[in-house]
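Architecture at a glance
Listed below, chain by chain, are the residues.
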Amino acid sequence: MKKIFVMLVLTMGVVSANAQSVDSTAVTNTVAGDVTLTTDIYPQQEDGDIYHGLTKKLTFDRMIPPYGLEVTYDKTTHIIFPAAVRYVDLGSPNLIAGKADGSENVIRVKATVKNFRDETNMSVITESGSFYTFNVKYSDEPLLLNIEMKDFIHDGSEVNRPNNALDIYLQELGSESPKLVHLISKAIHKDNKRHIKHIGSKAFGIQYLLRGLYTHNGLLYFHTQVKNTSNVPYEVDFVTFKIVDKQVMKRTAIQEQVIFPLRAYDYATTVAGNKDERTVFVFNKFTIPADKVFVVEMHEKSGGRHQTFTVESEDIVRAKVINELKVK
């Protein structure tokens, strides 16, 4: 009887120990008497899968629908984009692509081998911050050789925003969306209010004015106007922007700092007789020391009717906040 009682006690002890090992995450080291905590693991963790089955599947509403593009070996396909092209990526060595000579917004695409079977792809990012993607296959006679992408880009409104054009942030614009920069420049140009009336130049029937100066999110917007009151057309060769010392402004331009615009909306290259044109230049934020001025020079092509005006430090710090404009 005593033996039966001892065996019953031992059996209950074993059952209790097993239950404790199942319910608890602690394991006892019988040698040292230390307690070591075990780690809970996810299913399939032991196979080296770092996601452990916890990934979420990408759905079609996250996909940028590609456009179908046919290329061939003996002909070149040209694609015209609404803005300068900044990036092109080809999915296969069966394709070759590059900018058309003398153009920033035209891409030429061609097959490097005949009759390649596997479909490939091509991606393009433009200066306006839009992304385009194409699925490309070979065809002996492509249906379309010259393609216009202008109608595919959205204009900022929700009703005209196709899935293939997304806002891409470019390094030179910092935290500002290229599309928003475009819309702000467009709004300034359309608003056409002259907030500055004391900055400009006039000579030889040509008047060059600074109509407004705006700021938004670390960028400066200069709204300029060229008036031609003569009968002879004015062709703009180039426009320069630089910061120079006041005392040498009228002499040799030493110690000058050239400032390059990031964007130029509706850049005027020709002003017909008795007409006017306006341009919005976009710059990274800058300030001018008290002993310096910001000089804007416009040079006439094959002519001498050059125009120059200066902007003081006080004018820069008084730039209007863009939030007051209605940007659409």
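Residues numbered from 1 in each chain as written. Predicted model: local features only at pLDDT ≥ 70, side-chain atom pairs only at ≥ 80, totals over all residues. Heavy atoms only, no water.

As for the overall build of the protein chain
Along its length, the protein chain carries 3 helices and 21 strands. For the protein chain, buried positions account for 36% of its 328 residues. A fraction of 64% describes how many contacts in the protein chain between residues 6 or more apart in sequence connect residues 24 or more apart. With an accessible surface of roughly 20,700 Å², the protein chain has 53% of that area assigned to carbon and sulfur atoms. (Helix = DSSP H or I, 4+ residues; strand = E, 2+ residues; numbered from the N terminus. Buried < 20%, exposed > 50% of the residue type's maximum accessible area, 1.4 Å probe, protein only. Contact = heavy atoms within 4.5 Å. Areas by Shrake-Rupley, 256 points an atom, 1.4 Å probe, with all protein chains shown as cover.)

Here's the deal with the pattern of salt bridges
Counting across every chain of the model gives 9 salt bridges. For the salt bridge of Glu104 with Lys99, the shortest nitrogen-to-oxygen distance reads 2.7 Å. Residue class for Glu104 comes out partly exposed when judged on its relative accessible area of 46%. Taken together, the salt bridges that share partners define one network made up of Lys242, Glu256 and Glu297. (Salt bridge = Lys/Arg side-chain N within 4 Å of Asp/Glu carboxyl O.)

What to know about the packing of aromatic side chains
Taken as a whole and judged by the stated rule, the model has 14 aromatic pairs. For the ring pair Phe241 and Phe281, a centre distance of 5.0 Å and an interplane angle of 65° mean the geometry is edge-to-face. A residue pair is termed long-range when its members are at least 10 positions apart, and Phe241 in strand β14 (residues 234-245) and Phe281 in strand β18 (residues 275-284) qualify at 40 residues. Joined through ring pairs, the aromatic side chains of Phe222, Phe241, Tyr267, Phe281, Phe283, Phe286 and Phe294 make up one cluster. (Phe/Tyr/Trp six-rings, centres within 6.5 Å; stacked < 30°, edge-to-face > 60°.)

A closer look at the nonpolar core
A general trend in soluble globular proteins is that nonpolar side chains are found buried together. Within the largest apolar cluster, 27 residues are counted, with the highest numbers of intra-cluster contacts made by Phe222, Phe283, Phe286 and Phe294. Going through the elements one at a time, β12 (206-216), β13 (219-228), β14, β18, β19 (292-300) and β20 (307-311) are the ones with two or more residues in this core. Residue contacts for Phe222: discarding those within four places in its chain leaves Leu210, Gly212, Leu213, Thr279, Val280, Phe281, Phe283, Phe286, Phe294, Val311 and Ile316. Counting residues in each nonpolar core, the second largest holds 18 residues, with Val71, Val109, Phe134 and Ile147 among its members. (Core = buried A, V, L, I, M, F, W, Y, C linked by side-chain atoms within 4.5 Å.)

Considering unusual backbone geometry
Of note in this structure, Asn115 is not a glycine but carries a positive phi near 55°. Mapped onto the fold, Asn115 is located in the loop between β7 (106-111) and β8 (120-126). One non-glycine residue with positive phi stands out, namely Phe204, at about 60°. If you trace the backbone, Phe204 turns up in the loop between β11 (200-203) and β12. By relative accessible area, Phe204 is classed as exposed at 57%.

Coordinates in, geometry out; function isn't part of it.
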